[in-house]
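Read off the chains here:
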Amino acid sequence: MNSIAQMSDPAGWISMISSGWSDMGRTEFWIALAKIMWINILLSGDNAVVIAMACRGLPPRQRLWGMVLGAGVAVGLRVIFTGVVASLMLLPYLKIVGGLALFYIAAKLLVPDDPEEDGTEAVEHLWRAVRIVAIADIIMSLDNVIAIAAAAGGNMALVVIGLAISIPLIVAGAALIMSLLDRFPILIWAGAALLGWIVGEVIATDPVSVGFLTASYGAKVAHQVAIGAAIAGAVLVLVVGGVWRRSKAVVESET
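Quick summary incoming for the structure in this document.

Criteria and cut-off values
Residues numbered from 1 in each chain as written. Predicted model: local features only at pLDDT ≥ 70, side-chain atom pairs only at ≥ 80, totals over all residues. Heavy atoms only, no water. Helix = DSSP H or I, 4+ residues; strand = E, 2+ residues; numbered from the N terminus. Buried < 20%, exposed > 50% of the residue type's maximum accessible area, 1.4 Å probe, protein only. Contact = heavy atoms within 4.5 Å. Areas by Shrake-Rupley, 256 points an atom, 1.4 Å probe, with all protein chains shown as cover. Core = buried A, V, L, I, M, F, W, Y, C linked by side-chain atoms within 4.5 Å.

So, about the overall build of the protein chain. Looking only at helices and strands, the protein chain has 13 helices and zero strands in total. When its helices and strands are written in sequence order, the protein chain yields α-α-α-α-α-α-α-α-α-α-α-α-α. Burial statistics for the protein chain: of 255 residues in total, 42% are counted as buried. Once local pairs closer than 6 in sequence are excluded, the contacts in the protein chain between residues at least 24 apart make up 87%. For the protein chain, the exposed area adds up to about 13100 Å²; of that, 72% sits on carbon and sulfur atoms.

Right, here's the structure in full:
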């Protein structure tokens, strides 16, 4: 509840974000900054996949904007949520709800967008891609947030600088993945399966799921169920997305 109270207190946000800048002259600051950048690079592969898949349907001139805005939103959200996500995601059922939302996003990414008709629609699609990235990053960012917060040791200056510097690295990763998606469309299905895997993991690691499985069957079984849920999530996303994609193609062929 303290995290929720801090979110509604502007003075608390200003104090949190402005803290730590005086430590920039210390060696420990730069060592921790390097750690945060490396952690974000290692843990942002799934975010790069989401950005690439969400932006692949944009006109070529808008793809760069989509990737930059998507990465910027992802990093900005991570800065904001570092102080609150770790505690909020421990609330019962929240990860289950988030996992279901991510499931919809993953399946929808397999469905081709409608053809662009004018510039206005293209802009709407750009912001829709950014919204997809934002929602997915909120759901998937718990591991990043915990690792980054631990490396920062409460120093928000480290969090802000480290994540800001990592934006071009995420964009570069998304650009590489997008070029591969254009060249090898089958990888779109692999990306959707990856997101489905994350869906299963997120739902299986909700406090309600973990508590029930651990109490009833033990921690080992709970871990095995999490792996099984991840596999089931990947398969289910491919099935639902494939059916959705086929049904849309049928409707378009009849019109």
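Okay, the environment of A129 next. Within the fold, A129 resides in helix α8 (residues 119-140). On the basis of relative accessibility, which here comes to 3%, the residue A129 falls in the buried class. Measuring from C-alpha to C-alpha, the distance between A129 and G70 comes to 7.6 Å, with 59 residues separating the pair along the chain.

So, about the side chain of D206. Looking at where D206 falls in the secondary structure, it is placed in the loop between α11 (186-204) and α12 (207-217). Overall, the relative accessible area of 0% leaves D206 in the buried class. Leaving out residues up to four positions away in the same chain, D206 has contacts with L91, P92, Y93, L94, K95 and I96.

In this structure, I51, M53, C55, M67, L102 and L109 are the most contacted members of the largest nonpolar core, which totals 39 residues. Within the residue set of this core, elements represented by two or more residues are α4 (45-55), α5 (60-81), α7 (94-108), α8, α10 (156-183) and α11. Among the elements that take part in this core, α10 stands out by supplying eight residues, more than any other. The contacts of C55, once residues within four sequence positions are left out, are R63, G66, M67, A129 and M178. Membership of the second largest hydrophobic core comes to seven residues, among which are F29, A32, A157 and I161.

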